[in-house]
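Coordinate analysis (summary)
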Amino acid sequence: MKILSLLAQRIVDEVTQVIDEEVIVINTEGIIIAGSDSQRVGHFHEGALRVFRSKQKMEITATDVHSLEGVKAGLNLPIFFQHDVIGVIGITGDPRTVSPFGELIQRMTELIIQEAHSAEKLNSEIRGVETFVYEWLHNREFGEEFYERGQLLGLDMDLSRMCVLIKLTSTNDSDLHLVEKETDERLRLLFSEPAIDTIVRAGQGRILLLKGLKHQKDELNFFKQLKTLRKQLEQLTQTTIFVGVGTRQSPDLVLKSYSEAKKALQTASVAVPVVFYEQLTLEGVLAEISLDMKLDVTEKVLGKMTEEAELMETLETYFQYHMSLKDTAEHLHIHINTLHYRLKRIHERLGGNLKDPKFLATCYIAYIFWKETRETYNDT
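Because the structure is predicted, anything quoted here is derived from the model rather than measured.

Inside soluble globular proteins, nonpolar side chains tend to come together where they are buried. Within the largest apolar cluster, 25 residues are counted, with the highest numbers of intra-cluster contacts made by Leu302 and Leu354. Elements that contribute at least two residues to this core include exactly helix H12 (309-320), helix H13 (325-332), helix H14 (336-350) and helix H15 (357-379). Considering every element that reaches this core, the biggest residue donor is H15, with eight residues.

On the basis of which strands lie adjacent, the open sheet formed by five strands has the order E7-E8-E6-E9-E10 and mixed pairing. Two strands close off the open sheet at either side, each with one partner strand: strand E7 (197-201) and strand E10 (274-276). Across this sheet, the average inter-strand angle for adjacent strands is 15°, counted without regard to direction. With six bridges joining them, strand E6 (residues 160-169) and strand E9 (residues 240-245) adopt antiparallel strand pairing. Paired with Val164 across the strands is Val245, a residue of E9.

Moving on: the packing of aromatic side chains. Counted according to the given criterion, the structure contains nine aromatic pairs. Look at Tyr364 and Tyr367: their rings are 6.0 Å apart centre to centre, the planes differ by 40°, and that puts the pair in the tilted class. Of this pair, Tyr364 and Tyr367 both sit in helix H15, separated by three residues, roughly a single helical turn. In this structure Tyr364 comes out as partly exposed when scored by relative accessible area, which is 25%. The exposure class of Tyr367 is buried, given its relative accessible area of 6%. These aromatic residues form a ring-pair network of at least three members: Tyr318, Phe319, Tyr364, Tyr367 and Trp370.

Let us now look at helix H1 (residues 5-15). Restricting attention to buried positions, one finds in H1 the residues Leu7, Ala8, Ile11, Val12 and Val15. One face of H1 carries all of its buried residues, which in axial projection span an arc of 145°.

All right, on to the packing of H12 against H14 then. Contact geometry for H12 and H14: axes closest at 10 Å, N-to-C directions at 105°. In terms of axis orientation, H12 runs roughly perpendicular to H14. Listed contacts from H14 to Glu310, Leu311, Thr314, Leu315 and Tyr318 of H12 are Leu339, Arg342, Leu343, Arg345, Ile346 and Arg349. Taken together, the residues of the contact of H12 with H14 break down into six nonpolar, one polar and four charged.

Calculation notes
- Residues numbered from 1 in each chain as written.
- Predicted model: local features only at pLDDT ≥ 70, side-chain atom pairs only at ≥ 80, totals over all residues.
- Heavy atoms only, no water.
- Core = buried A, V, L, I, M, F, W, Y, C linked by side-chain atoms within 4.5 Å.
- Buried < 20%, exposed > 50% of the residue type's maximum accessible area, 1.4 Å probe, protein only.
- Helix = DSSP H or I, 4+ residues; strand = E, 2+ residues; numbered from the N terminus.
- Pairing = 2+ DSSP bridges.
- Axes fitted to C-alpha atoms, helices over the stretch in contact; angles between N-to-C directions.
- Phe/Tyr/Trp six-rings, centres within 6.5 Å; stacked < 30°, edge-to-face > 60°.
- Arc of directions from axis to C-beta.
- Parallel < 35°, antiparallel > 145°, perpendicular 65-115°, else oblique.
- Contact = heavy atoms within 4.5 Å.
- Nonpolar A, V, L, I, M, F, W, Y, C, P; charged D, E, K, R; others polar.

Shown next, in the form of structure tokens:
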């Protein structure tokens, strides 16, 4: 492993919180790559080369300062990683004063490097799995070579899988990033066997769980666990979470489960935050209609009203709460009379009344198409 300047500076920052002395980090070529005194960065340090050769700490006295290039009185310590010296950390000061801190500083530095290495290794593994899963969800061929690649990444390629798509909502992108990170970490703690339960990012604010299932009873138990988990995550992250769940499929048909999870997620709402594809009826039929037809129906039925955010939010909430005026008004935080006024405006814009069953069905279908096509474009 090679110490990069960014990691070296982190070491300097951490150590200077423990000891009030000048600290430097030197690479294997004897060049100072980070230091509390930035003026020394880039300079040669002859004492460090001696430490590399001996693999032993070296006290630099006032006399050594005149005979060795680029040094100051103090203590130089080898930095070990997997039995190799990969750098030197120098502490300026009277050797008798700083030496008692030597072993502590050396161990602290090596722990920082070990932590950085482990984090980088984990990130590398996650990126490798994410790339593989992306191919898994988009390629229609499932050959022996692909199967073996999955095994090399540590995945159980013989298990049936159920795709679970989790959508996190936040009005602030930076908050969303933190919520996404916290949710990801929580999921990895709960589903701690990556060979069976594979977790990857599926776009901004979305996390995909490929749940491995061996038996039918495992599926039923997981459904109960999933609903409880969603509530816990909402409490933990203080945000709204929606979940779409596909059906259990063999490894070569994971793409089908993923497509089902996306369709299920599109119908999720505050009233029904967890949607299972196998429970969809009307939505399942409508999902098979072409995108061009969906756009055409949306335009004909909803027209310009899709540009009026207040009316679209009202219509959406009205449908989500099963046309309950009381629940709709409460969720929108408006008076019931204000809701009546908005519904009247919707009737005027659309040229019909939502109390008419045929008109209601037409508007609901157009609303589903509008929501689906809007989210499709937002994901691209």
